[in-house]
Amino acid sequence: MGHIEPVTGQDTLSRRKFIITGVSAAGGFALGFAFPGLASARPLSAAPWSNDAVASNEINAWIVIDPDETITIRIPHAEMGQGAGTSNPMLVAEELECDWAKIKGEFASPNRNVRENNVYKDQNTVGSRGVATSWQYLQQAGASARARLVQAAANRWNVAASECVAENGAVLHKASNRRFTYGQIAADASKIKLDKEPEIKSPDQFKLIGKPLPRLDTPVKVNGEAKFGIDTKVPDTVYAAIMSCPVVGGTLASVDESGLAGKRGIIKVVKLKDAVAVVADNTWRAMEGVNALKINWNYGPGANTDSAQMKQFYRDGLSEPMVEARKDGDAAGVLAISRYLHHGIGPGNRFHRLGADASAYDEQGHGECGSLHHCRLPSLVDHFAAFASASSFSSVSSRFCSAFISLSALPYLAVSGCDAMYAASCASRCLRAWTMPKVLKPVSVPV
Amino acid sequence: MVTLKVNGKTHALDIEGEMPLLWALRDEIGLTGTKFGCGIAQCGACTVHVDGVAMRSCSVPVASVAGKNITTIEGLASADGKLHPVQAAWVAEDVPQCGYCQSGQIMAAAALLKEKPNPTDADINGITNICRCGTYIRIRRAIHRAAATKA
């Protein structure tokens, strides 16, 4: 990547130059970004995640190199705005010694991760861990692929790998002035087994990491193409809106359904221990339905809990013995006046597809479903799969669609081809998972 | 039966007249670029244009916009695919983070520029769409950039 020029002080973010290069065949926009000395990688597509099939030119689970030199890099984490969709491919590309303009990012398949013993590691996207916990193995994936490409070229030339170098998407044997592009030797490299994994770069060797590059998810976020969890649509989808007991620990006493009389599209009212849901053929009809119910709750032991008590509980916690890690500023003063509220704008939502064809649907790669926010917490899929199994469903395809968690918004979920009771039950669990994390049994996170 | 003209295309829909435009767009027509945020016309994630005016589609009954020209984020670019100056400015400034509110932000900004081709910062503050990622600084820059491009 010798053509990458250092970014000077003048070439700051605001001075980026961009050009539109054309319109894609699909009618979408193909955007080209002109960054000083560095052409952008391709924008992310609206596809939710990669095809699970292993291609012959797949160097490892992370990298596929096509004969036309397009390099597909699998992104393990969901893109929720923090930039994983750009930073994760950068970490791989840094080691691969390739042309950033040839990079195409795609989301790694959680299905494949389950099937192949966590080949994509912990895909959960939480706690600002998208780079912090994955940089090492992403760099390693790139370094490993580079070493195998070099070995593959060396084998073809019958020279030692140490005599060859990887540069800008090609392996060179300078002594004999020979060159293979990555595309030419990708299939060979996919069969190479290394005796020993290569070392990864240290920060002083970085060429790409640290450069302010345009985000690859921007183009699909300015034209409505980006598919969020809530945008998932498949044939025969039904929608459930749920009202949970406003007090944790309370239960449902009774429901008067007379308000639903004459309303269109209502499929079922589902009563649960501590919630009630209305399943309908349209989101609005489901919400209107649940709002039309007259619900009586037994608030239970938490009935008298109020904000003042909760605040006191937290303050008491701060009074317990603590270790002083840092002491600067006026922490106590700030805490006294802070009004911090953190939640996203989008409503909590989930999508489930159940039944005999669910696994076949997985194989198709979720063509119609949520993309940038395709599966925020894949490890929880196991939890719901177990639940589905107990409910006599043969398989389950489930995604946490709540990239944006809004506790104030009415949670709803879309369910395709399954029992309404299950839909409502999942909705209830989903809501409680967000509002009361401790209610959910801990789910083992693969390491 | 309600007839909606969305992005130049006519849709005859067998739905209730009081169904909010948002849900007709998303669940009946299948245009999911317009987002559901609060459902009470506060956050602006559902902003679309009705006869060129920005409206919160979550709170507009379809009966009230029947036959009017509705434009969603999917129809903002010109027919040949050329991005609207606001969309192009959004790309240039790399505005979105999570992106959920951005369809609404872009539609609100496009409507503002139609009304005020050279908006002041105060004019821009008149847009009340919420962005929980806090991209407001770049939104402001992008609107000024779009205004400069148009001029």
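Residues numbered from 1 in each chain as written. Chains lettered and ligands numbered in written order. Predicted model: local features only at pLDDT ≥ 70, side-chain atom pairs only at ≥ 80, totals over all residues. Heavy atoms only, no water.

## Some details on the overall build of chain B
The helix and strand inventory of chain B stands at 5 helices and 5 strands. The secondary structure elements of chain B, listed N-terminal to C-terminal, are β-β-α-β-β-β-α-α-α-α. At 15 Å, chain B has a C-alpha radius of gyration in line with the 15 Å of a compact globule built from 151 residues. Principal axes of the C-alpha set define a box for chain B whose edges measure 45 × 30 × 25 Å. The burial tally for chain B puts 56% of its 151 residues in the buried class. By sequence separation, contacts in chain B at least 24 residues apart represent 56% of the contacts at least 6 residues apart. Element-wise, carbon and sulfur atoms account for 53% of the exposed surface of chain B, whose accessible area totals about 5900 Å². Once the 15 positive and 13 negative side-chain charges of chain B are each reduced to a mean point, those two points are 7 Å apart. (Helix = DSSP H or I, 4+ residues; strand = E, 2+ residues; numbered from the N terminus. Rg over C-alpha atoms; globule rule 2.2 N^0.38 Å. Buried < 20%, exposed > 50% of the residue type's maximum accessible area, 1.4 Å probe, protein only. Contact = heavy atoms within 4.5 Å. Areas by Shrake-Rupley, 256 points an atom, 1.4 Å probe, with all protein chains shown as cover. Lys, Arg positive; Asp, Glu negative; His and termini not counted. Charge placed at Lys NZ, Arg CZ, Asp CG, Glu CD.)

## Some points on a nonpolar patch on the surface
Residue and element names in this part refer to chain A. Together, Met310, Phe313 and Tyr314 make up a nonpolar patch on the protein surface, roughly 390 Å² of accessible area in all. Structurally, phenylalanine 313 is set in helix H7 (residues 307–319). Here phenylalanine 313 falls in the exposed class, since its relative accessible area comes to 61%. (Patch = residues over 30% accessible without salt bridge, like charges linked within 9 Å, V, L, I, M, F, W, Y side chains within 5 Å. Salt bridge = Lys/Arg side-chain N within 4 Å of Asp/Glu carboxyl O.)

## Description of the domain arrangement of chain B
All names here are of chain B. Annotation of chain B at the domain level lists domain 1 (2–75) and domain 2 (85–150). The gap between the C-alpha centroids of domain 1 and domain 2 is 21 Å. On the side of domain 2, 13 residues touch domain 1, which itself brings 16 residues to the contact. Buried area between domain 1 and domain 2, summed over both chains or domains, comes out near 1200 Å², and the portion from carbon and sulfur atoms is 58%. Counting the contacts that link domain 1 with domain 2 gives 0 salt bridges. At the surface where domain 1 touches domain 2, the tally comes to 8 residue pairs in polar contact (both at pLDDT 80 or more). (Domains from an automatic or database assignment. Buried area = accessible area lost by both parts, 1.4 Å probe. Polar contact = N/O pair within 3.5 Å; in protein donor to acceptor, adjacent residues only side chain to side chain.)

## Some points on the environment of phenylalanine 36 of chain B
Relative to the helices and strands, phenylalanine 36 of chain B resides in the loop between helix H1 (21–29) and strand E3 (47–50). For the pair phenylalanine 36 of chain B and cysteine 101 of chain B, spaced 65 residues apart in the sequence, the C-alpha separation amounts to 9.1 Å.

## Thoughts on the sheet that holds strand E6 (residues 71–75) of chain A
Residue and element names in this part refer to chain A. Strand order in this open sheet of 4 strands is E4-E5-E6-E7, and the pairing throughout is mixed. A strand with exactly one partner marks an edge of an open sheet, and here the two such strands are strand E4 (58–60) and strand E7 (103–107). Across this sheet, the average inter-strand angle for adjacent strands is 25°, counted without regard to direction. Pairing of strand E5 (residues 63–65) with E6, which is carried by 3 bridges, proceeds in the antiparallel orientation. (Pairing = 2+ DSSP bridges. Axes fitted to C-alpha atoms, helices over the stretch in contact; angles between N-to-C directions.)

## Quick word on the pattern of salt bridges
Any two side chains of opposite charge can pair, on the condition that their charged atoms come close. All names here are of chain A. In total, this model carries 22 salt bridges over all chains according to the counting rule given. Here arginine 74 and glutamate 58 are joined by a salt bridge, their closest N and O atoms 3.4 Å apart. Taken together, the residues arginine 74 in strand E6 and glutamate 58 in strand E4 connect sequence positions 16 residues apart. Relative accessible area serves as the criterion here: at 8%, glutamate 58 is assigned to the buried category. When salt bridges that share partners are traced, they join Glu58, Arg74, Glu106, Arg112 and Glu116 into one network.

## Considerations on the packing of helix H2 (residues 85–92) of chain B against helix H5 (residues 136–150) of chain B
All names here are of chain B. Here H2 crosses H5 at 130°, and the two axes come no closer than 8 Å. Here H5 runs oblique to H2, going by the angle between their axes. Crossing geometry of H2 relative to H5 is assigned as right-handed. Here Pro85, Val86, Ala89, Trp90 and Ala92 of H2 come into contact with H5, specifically with Ile139, Ala142, Ile143, Arg145, Ala146 and Lys150. Among the residues forming the contact of H2 with H5, the class breakdown is 9 nonpolar, no polar and 2 charged. (Parallel < 35°, antiparallel > 145°, perpendicular 65-115°, else oblique. Left-handed = near helix turned anticlockwise from the far one by under 90°. Nonpolar A, V, L, I, M, F, W, Y, C, P; charged D, E, K, R; others polar.)

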